[in-house]
Protein chains: 2
Amino acid sequence: MQRLKNTDPDFEAKFAKIVEARRESSQDVGRDVFDILARVKAMGDKALVEYTTRFDQHNLTNDNDWMIAPDQCKAAYDALDADLRDALQLAADRIQAYHEDQLPHDRDYTDDAGVRLGAKWRPVDAAGLYVPGGRAAYPSSLLMNAIPAKVAGVERLAIVTPTPKGETNPLVLAAAHIVGVDEIWRVGGAQAIGALAYGTDRIERVDVITGPGNAWVAEAKRQLYGVVGIDMVAGPSEILVIADGKNDPDWIAADLLSQAEHDPTSQSILITDDADFAEQVEDRVDVQSAMLATRKVARESWDAHGVLIVVEDLEQAIPLANRLAAEHVELAVDDPEALMGKLHHAGSIFLGRMVPEAVGDYVAGPNHVLPTGRRARFASGLSVLDFMKRTSFISMDKAGLEAIGPAAIKLAHAEGLPAHAASIELRLKT
Amino acid sequence: MQRLKNTDPDFEAKFAKIVEARRESSQDVGRDVFDILARVKAMGDKALVEYTTRFDQHNLTNDNDWMIAPDQCKAAYDALDADLRDALQLAADRIQAYHEDQLPHDRDYTDDAGVRLGAKWRPVDAAGLYVPGGRAAYPSSLLMNAIPAKVAGVERLAIVTPTPKGETNPLVLAAAHIVGVDEIWRVGGAQAIGALAYGTDRIERVDVITGPGNAWVAEAKRQLYGVVGIDMVAGPSEILVIADGKNDPDWIAADLLSQAEHDPTSQSILITDDADFAEQVEDRVDVQSAMLATRKVARESWDAHGVLIVVEDLEQAIPLANRLAAEHVELAVDDPEALMGKLHHAGSIFLGRMVPEAVGDYVAGPNHVLPTGRRARFASGLSVLDFMKRTSFISMDKAGLEAIGPAAIKLAHAEGLPAHAASIELRLKT
């Protein structure tokens, strides 16, 4: 854990290092993934069988080795505690409402030149959703990925998820039941991404692939970008809390730990204008983390990547926050609105003292799939737009072509493209 | 050139082959590009000097070897024929108007649970635009890439363009003057993309890179996807014309050739319900192409990739068109609107007999940077959204947290994330 003051002479050098640090695993998986994808493309289901036996110790023999049936999802849902079922349903309903509000509007208008112009949005035909197995198998991730696709109007949604030694996660199945996804394949890793992108005899190919995964999954998506659409390249998660000294240090410590407990590569940063408060938060992190069932991961993350920054004035936090372009930013201050107006780069902003980031992970409604690793400079959280595309259209009659065609003819000739010019000239001649 | 009938017994096999064909150069540039990018990252400007001498025979010594000055752009603009200047200006004005209409709206509302939710859109800070040198140096491309960035509100726009043996393209400089881009670097290739993404002493890094380029440029963008935002992976251009027999075959032939003259890898496809008309179009392509200054490229494209498909009924064209998901689709029929309603996958649609695709390349207003190679299944044309990103935000008071917090606590515990739960529990306890 690092303690910095923005008045330290070496602050800029240290802060720049934090901004540039990628924290990603240094494993070079590119070559492995390239080979796996080539093999899946060439051999299809046969390659899936081989890799699944090898990596997941799961044999894909009968149909129910390949797929999880809808009635298994329903059974998992029915077996849940009523409280937990209601919580999942509330989350699903709120996520759905927020994403319905994102649906884009078509455009269709005729301008002064008499030219009709527009754009229409359509869902993709099929989306593939990766759901990790093991520790990171979160039902909330399934909701956050599947619901925007459903809201966008995607007709076919295919989930791929590894089931190591055949084990499934009942919460994930229950979430699939709630969203109504009934195509769930028991394959994972780069090979599952390859199957979704290229298609196999059993698994029909999709148009867009989203969802979190390990380094192999992320690299497979990156390599297949362009063959299919993908959501953002995701890196380790992060939170930036900007807080004055009037907060309860226990609350802020819990917020920092809620990020740290995700993964050893996660990062939690506090910027405050109150040095005493920073110390209190540090103490509370130590006390709270010792009691967590997730303490090993949380401590590893906090010790390696945690940062406490003391500034003289919270206004000074803003340029630092814009450079970090963090995935999650909490503004625990009296007037969070004023700071938000100047915060240009962030995945999601949590306004005020009563909004811990965790509430956004589950039930607030906005998507929790957000840009990491400074990518909020140019990328957005997952939305219905990731499952849709826009087609522009142009229409005009002869008067319209007479109004704007001659300029196009000029430009076509200037660019050395005579057939372009001819296609307009012929129509204007009549 | 292939002639197909959808009643031929082998039609499906042949059509499927056309759908799957990538037409991309088979050159494996991945390794070269990887090395170039690594060298630019490590050595910065020194690597740019080396590569530019080697690939462009241009020495980057003095400041004016590195950059094209704004007064050179103004001089190029002033030297243009008035007609051409007006044509460029009309194009710029219409592109700007269409893209202004695309600007997204922020959201900010409070729902029934008393939770305030929203999203705000912001431009990226800096965008880099690749403008090819040589044959494909089109001023229209500069307008189509730079204007959406300007409309989005991007403050810094940096153009990179190779100037082989020091030569510049006056039309491109004039277009830069019209749009008001004043940072133009005389570097190209993968090394220019690397400089924009990583930054060098001279060239400050950008957040998003767009613009067409050769195989090296496209591969460099693909490899840097995630380090920066990029526009779509672009492949060879294509047009699909769906036409009945009531069209002038000369018009349709010119439309097919306008695509073919772009590049030997371009593809022009006609689907018609009139076999005689298809033959007439084929004749007119032969006659017209013989007279074109671009005949060599146009014939090469048409002979290798041109397709004439005769169907029994134009309704049968629609599923074929959806499988092709073509970049440009002309609907030269009596009721183009009816066909458009069923055409789900296309980059841009040209409605009716009086709308040659070329008018969209220059002056109609919608962007001419469009998804190719079946990518219209999941991707959209370039828009202001490519230069913006969305930040979600969440706010609530204690009553709001009491309404939705308990469900989040349930889910956090179920996912094995106790610090997530604690961050909410602590606030609800007070």
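What you see as residue numbers is a count from 1 along each chain, following the sequence as written. As a convention, the first chain written is A and the first ligand written is 1, with the rest following in written order. Per-residue local features are limited, in this predicted model, to residues with pLDDT of at least 70; the limit for side-chain atom pairs, both in listing and counting, is 80 or more; totals at the level of whole chains, interfaces and linings are taken over all residues. With hydrogens and water stripped out, all remaining heavy atoms of the structure feed into the side-chain values.

An account of the sheet that holds strand 8 (residues 208–210) of chain A is requested, with residue identities and associated values reported.
Residues and elements named next belong to chain A. Spatial ordering of the open sheet is given by 2-7-6-5-8-9, a layout of six strands whose pairing is mixed. On the outer flanks of this sheet lie strand 2 (67–68) and strand 9 (229–230), each paired with one strand and no other. Note on pairing: two strands pair once DSSP finds at least 2 bridges between them. Segments assigned H or I by DSSP are reported as helices when at least four residues long, segments assigned E as strands when at least two residues long, and all are numbered from the N terminus. Pairing between strand 6 (residues 156–160) and strand 7 (residues 183–185): three bridges, direction parallel. In the sheet register, Ile159 faces strand 7, and the bridge partner there is Ile184.

An account of the packing of helix 5 (residues 70–79) of chain B against helix 8 (residues 170–179) of chain B is needed here, citing residue identities and associated values.
Residue and element names in this part refer to chain B. Structural elements are reduced to axes, namely lines fitted to C-alpha atoms, with helices fitted over the stretch in contact, and the angle between N-to-C directions of any two is expressed from 0 to 180 degrees. Two elements in contact, helix 5 and helix 8, have axes separated by 7 Å at closest approach and are oriented at 110°. In this view, helix 5 runs roughly perpendicular relative to helix 8, as classed from their interaxial angle. Where helix 5 abuts helix 8, its residues Gln72, Cys73, Lys74, Ala76 and Tyr77 lie against Pro170, Leu173, Ala174, Ala176, His177 and Ile178. The class makeup of the residues in the contact of helix 5 with helix 8 is eight nonpolar, two polar and one charged. Just so you know how the angles are binned, under 35 degrees is roughly parallel, over 145 roughly antiparallel, 65 to 115 roughly perpendicular, and the rest oblique. For this analysis, residues touch if any pair of their heavy atoms sits within 4.5 Å. Residues are sorted three ways: Asp, Glu, Lys and Arg are charged, Ala, Val, Leu, Ile, Met, Phe, Trp, Tyr, Cys and Pro are nonpolar, and all the rest, Gly among them, are polar.

Break down the UniProt feature "binding site: substrate" (unreviewed entry) in chain A for me, citing the residues and quoting the values.
In the numbering adopted here, UniProt assigns the feature "binding site: substrate" (unreviewed entry) to Ser237, Gln259, His262, His328, Asp361, Glu415 and His420 of chain A. A maximum C-alpha distance of 56.2 Å among these annotated residues, which run over 184 residues, shows that they spread across the structure rather than meeting at one spot. Here Asp361 of chain A is to be found in helix 16 (residues 357–362). Judged by its relative accessible area of 8%, Asp361 of chain A falls in the buried class. Not counting chain neighbours up to four residues away, the residues in contact with Asp361 of chain A comprise Ser140, Met144, His262, His328 and His368 of chain A together with His420 of chain B. Tracing the backbone shows Glu415 of chain A in the loop between helix 17 (398–414) and helix 18 (418–429). Categorising residues by exposure relies on relative accessible area from a 1.4 Å probe, with only protein chains included: less than 20% of the type maximum marks a residue as buried, more than 50% marks it as exposed, and the intermediate range marks it as partly exposed. Take Glu415 of chain A: its relative accessible area is 11%, and that puts it in the buried class. UniProt positions are given in the numbering used here, feature names are shortened, and annotations may be inferred rather than shown by experiment.

Give me the interface of chain A and chain B: which residues, what numbers.
Across the boundary between the two partners, chain A contributes 125 residues, which contact 125 residues of chain B. Of the roughly 10400 Å² buried at the junction of chain A and chain B (both faces included), carbon and sulfur atoms supply 58%. Here, a salt bridge means any side-chain nitrogen of Lys or Arg that lies within 4 Å of a carboxyl oxygen of Asp or Glu. At the boundary of chain A and chain B, one finds 14 salt bridges. The residue Arg107 of chain A makes a salt bridge to Asp101 of chain B at a minimum N-O spacing of 2.6 Å. For this analysis, a polar contact is any N or O atom pair within 3.5 Å, provided that within protein one partner can donate a hydrogen and the other can accept it, and provided that sequence-adjacent residues contribute only side-chain to side-chain pairs. For the pair chain A and chain B, the number of links is 68 residue pairs in polar contact (both at pLDDT 80 or more). The element that contributes the greatest number of residues to the side of chain A that touches chain B is helix 17 of chain A, accounting for nine residues. Considering only residue class, the side of chain A that touches chain B consists of 69 nonpolar, 25 polar and 31 charged. Strand direction decides the pairing type here: strand 14 (residues 348–351) of chain A and strand 15 (residues 388–395) of chain B, joined by four bridges, are parallel. Note: buried area is the sum, over both parts, of the accessible area (probe 1.4 Å) each one loses when the two are combined.

So what's going on with the pattern of salt bridges? Which residues, and what values?
Enumeration according to the criterion identifies 56 salt bridges over all chains in this entry. Arg202 of chain A is the partner of Asp63 of chain A in a salt bridge, and the nearest nitrogen-oxygen pair spans 3.1 Å. Here Arg202 of chain A lies in the loop between helix 9 (189–198) and strand 8 and Asp63 of chain A lies in helix 4 (residues 63–66), a separation of 139 residues in the sequence. Taking relative accessible area as the criterion, Asp63 of chain A reaches 54% and is therefore assigned exposed. Across the pair Asp108 of chain B and Arg116 of chain B runs a salt bridge, and its minimum N-O distance is 2.9 Å. Residue Arg116 of chain B is classed as buried on the basis of its relative accessible area, which comes to 18%. One salt-bridge network, held together by shared partners, links Asp244, Lys246, Asp334 and Arg353 of chain A.

So what's going on with helix 10 (residues 215–224) of chain B? Residues and values would help.
With respect to burial, helix 10 of chain B is a largely interior element, seven of its ten residues being buried. Within the span of helix 10 of chain B, buried status applies to Val217, Glu219, Ala220, Lys221, Arg222, Gln223 and Leu224 of chain B. On its buried face, helix 10 of chain B sits against helix 10 (215–224) of chain A together with helix 2 (30–43), strand 5 (126–130), helix 9 (189–198), strand 8 (208–210) and strand 9 (229–230) of chain B. For helix 10 of chain B, the N-terminal cap is Asn214 of chain B; the gap from its side-chain oxygen to the backbone nitrogen of Trp216 of chain B is 3.1 Å. Count one or two residues on from helix 10 of chain B and you reach Gly226 of chain B, which has phi positive near 110°.

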